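# Topology and contacts: notes
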Amino acid sequence: MGLLSDPNRRKALTNLLTRLNTPICMVCYLAAIVWFMGLAFEPFTLRTYMSENAMGSTMVEERFSAGERALSTAKEFDAHKRKAGGMPVEWLVKSMQARGLEVFTQSFSRKLPFPDENKERYMVHGTNVYGILRAPRAPRTEALVITAPCSPGNSNNQAVGLLLALAQYFRNQVYWAKDIIFLVNEHDLIGMQAWLEGYHHTNITGMDYSPLQGRAGSIQAALSLELSSDVITSLDLILEGLNGQLPNLDLANLFYAFCQKLGVLCTIQGKLQRNDWDSAEGYTHAAQTMMLMVLKQACGRSWGDHGLFLRYHIEAASIRGINSFRHYKMDATTIGRLLEGMVRKLNNLLERLHQSYFFYLLPSLSRFVSIGYYMPAFGLLAVILLLRYPFHSWALDLWVHLGTPALEAVDGVGEAEQPSSPGVLTVLTPVVISHLTGVALYLLPVHLQEMAVEHFPVSETEAVVLTAIAIYTAGLALPHNTQRLLSGEGTEQGWKVLKLTALLYLAVLLGCTALINFSLGFILAVTLVPITASITPNMPKALSALAMVLLSPAFTILYCVFIYQELVEVPVGFSEGWMLFLSVISQGILDHALYGSLVYPLLALFIYPCWLMFWNILFWN
């Protein structure tokens, strides 16, 4: 406290930070990257463990043996699906009723803001079918959910068959303390969103659906099945949900524990775990797995039906069967026993899963990185924004100059003229116009699609994406030197005040983003912090402008597309990568409209306008 209260010591500290500012910032940036990449090294991670006492042991005897019946039911389901040209509602209702469940249906419809060309749909009409197995030994106040989406073609037929086989097996057991809901939803996430909104009596996305006629207790956990082959070589666990949410780590630990017990090959991000962590190949494998999780979490979309449950504080995960032509094979009976064991352990819960971590990264299923380990990497990047200019001597003295009027002449001797203070409009104008550009980027692409289709030979989806790109590009010129419109030539202190404001604004934005979705906040910080911290009007315009564009939010998305394709070992050329980039933009806008994803509004309304403020600083003079 004495250091801060003593003016001389405070000035000495300020001078030290000013003199060593650039080296300190460079060290912080490099340390952040090294720290983050070091998280994939096994000695720096923690071994997973079960925190919930009710699930601490896998000592249950799994007796499910109806694997062949599940596959025959899957073939029957496939035949009826082909005959009906979609979801065989009547057959599913009869099948669930024959297994002793209380069966209900829910119809829903949704008009998309623009056609989804990836799945070729615009007006979506569908029906969800679900059956409830009532708990015989409890007051029916809690429930578990097992869901299998009805996918087009031959996809996921085996999951529906296994779900019905499990329903029949569970019906004959007497130890259930929770209701179990068996749900088959149509149109993947749209159907799941309709069912969840109907179950919880909410409507946050404008979905049209019929009210649910049957309900169970409060849902404690959910499992989503994705099986599209009779032969499965490994099971992949999918955790990333909407807006980067993750389920409680104990749910992943439970899956891994039963895989170990039953000898099932299990993967995370489609990658098997390696034991040679002390080799370069082992570290690279763990780093790739962790980076895949970071990229998936950063995009903010739900990577499975489970992702929508997390919004309602329901711990959920998707289990996807993979047929990768390995020598190891597993049958439907083994998968059924794994699910039986997991559901029985979840049935023992006395309260919601809460004792383990909700914020983590997984380089493998047996190791995890907690929030206390990865947040310092982001903190080192945030320090750069707080150190780069707010602690310069001019920044500390700026507020004094802004409020001190120029001294009048005394006895004919004039005092030295103080630097002119920037007017409010000089700084406020670029801030307002930058954010108005962000509002246009958020609203206009969808609202102008009809006009674009009438005047240009493009589809609705192409019109939305191209309009967004056009507004993004036009924004580079719109707020350019806007302060001159009202106050003439920009003042020296004007751009300094604007940069001080923009740096603090960016630090707050990235900090809040990292608290909700660390991966998104960290990726944005890695690309935005270097250029925004160093930009001034005195830098070479052409080279600095090129650097700012290459490190802008749009190019960050483009880089992530190429990196993701490399990590999943499906590299693409520039033309294919560009088409994927356009698809990512359209999917981000759709996810926001359909499910409430926050990534697109965050980038359009906050990150992009903040970047435009720094762009305006570059061309201040």
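Note that the structure is predicted; figures quoted are calculated from it, not measured.

What follows deals with the side chain of E42. Its place among the elements puts E42 in the loop between α3 (21–38) and β1 (46–47). Salt bridges are absent for the buried E42, whose nearest opposite-charge side chain, R367, sits at 4.0 Å.

Applying the stated criterion across every chain yields a total of zero disulfides. Lacking any disulfide linkage, C28 is separated from the closest cysteine sulfur, that of C25, by 6.4 Å. Since its relative accessible area comes to 11%, C28 is described here as buried.

On to the sheet that holds β1, then. The pairing of strands in a sheet comes from backbone hydrogen bonds and takes either a parallel or an antiparallel form. Taken in spatial order, the three strands make up an open sheet running β1-β13-β12, and their pairing is antiparallel. Where the open sheet ends on each side, the last strands, each with one partner, are β1 and β12 (360–361). In this structure, β1 lies alongside strand β13 (residues 367–370), joined through two bridges in antiparallel fashion. Across the sheet, residue L46 finds its bridge partner in β13, namely F368.

With 89% of its residues at a pLDDT of 70 or more, the protein chain shows a mean pLDDT of 87. This stretch, residues 396–417, has a pLDDT under 50; its non-local contacts, to residues over four places away or in other chains, come to 16 contacts.

Our focus in this paragraph is the pattern of salt bridges. Applying the stated criterion across every chain, the model contains nine salt bridges. Connected via shared salt-bridge partners are E102, R134 and D179.

In this model helix α18 (residues 518–534) runs 24 Å from its N-terminal to its C-terminal C-alpha over 17 residues, within 8% of the 24 Å that 1.5 Å per residue would give. The largest bend along α18 reaches roughly 40° and is located at L528, with the proline P530 sitting one to four residues downstream. For α18, the tally of buried residues reaches 14 of 17 residues, placing the bulk of the element in the interior.

Following both chains from N to C, one finds α3 and helix α9 (residues 280–299) inclined at 105°, their axes separated by 10 Å at the closest point. It follows that α3 is roughly perpendicular to α9 by the angle criterion. Listed contacts from α9 to F36, M37 and G38 of α3 are Y283, A287, M290, M291 and V294. Grouping the constituent residues of the contact of α3 with α9 by class yields seven nonpolar, one polar and no charged.

Further remarks concern the packing of aromatic side chains. Applying the stated criterion across every chain yields a total of 24 aromatic pairs. Each residue in the set F64, Y169, F170, Y175, W176 and F182 is aromatic and connected to the rest through ring pairs, giving one cluster. Over the face of the ring belonging to Y175 we find R344, whose NZ or CZ atom lies 4.2 Å from the ring centre.

The subject of this paragraph is a nonpolar patch on the surface. A contiguous nonpolar patch, built from V424, L425, L428, V432 and L436 and spanning about 470 Å² of accessible area, is present on the exposed surface. Position of L425 relative to the elements: it lies in helix α13 (residues 424–447). Take L425: its relative accessible area is 47%, and that puts it in the partly exposed class.

Thresholds, definitions, all that
Residues numbered from 1 in each chain as written. Predicted model: local features only at pLDDT ≥ 70, side-chain atom pairs only at ≥ 80, totals over all residues. Heavy atoms only, no water. Helix = DSSP H or I, 4+ residues; strand = E, 2+ residues; numbered from the N terminus. Buried < 20%, exposed > 50% of the residue type's maximum accessible area, 1.4 Å probe, protein only. Lys, Arg positive; Asp, Glu negative; His and termini not counted. Salt bridge = Lys/Arg side-chain N within 4 Å of Asp/Glu carboxyl O. Disulfide = S-S within 2.5 Å. Pairing = 2+ DSSP bridges. pLDDT = per-residue confidence, 0-100. Contact = heavy atoms within 4.5 Å. Expected span 1.5 Å × (residues − 1). Bend = angle between axes of the 7 residues up to and from the residue. Axes fitted to C-alpha atoms, helices over the stretch in contact; angles between N-to-C directions. Parallel < 35°, antiparallel > 145°, perpendicular 65-115°, else oblique. Nonpolar A, V, L, I, M, F, W, Y, C, P; charged D, E, K, R; others polar. Phe/Tyr/Trp six-rings, centres within 6.5 Å; stacked < 30°, edge-to-face > 60°. Lys NZ or Arg CZ within 6 Å of the ring centre and 35° of its normal. Patch = residues over 30% accessible without salt bridge, like charges linked within 9 Å, V, L, I, M, F, W, Y side chains within 5 Å. Areas by Shrake-Rupley, 256 points an atom, 1.4 Å probe, with all protein chains shown as cover.

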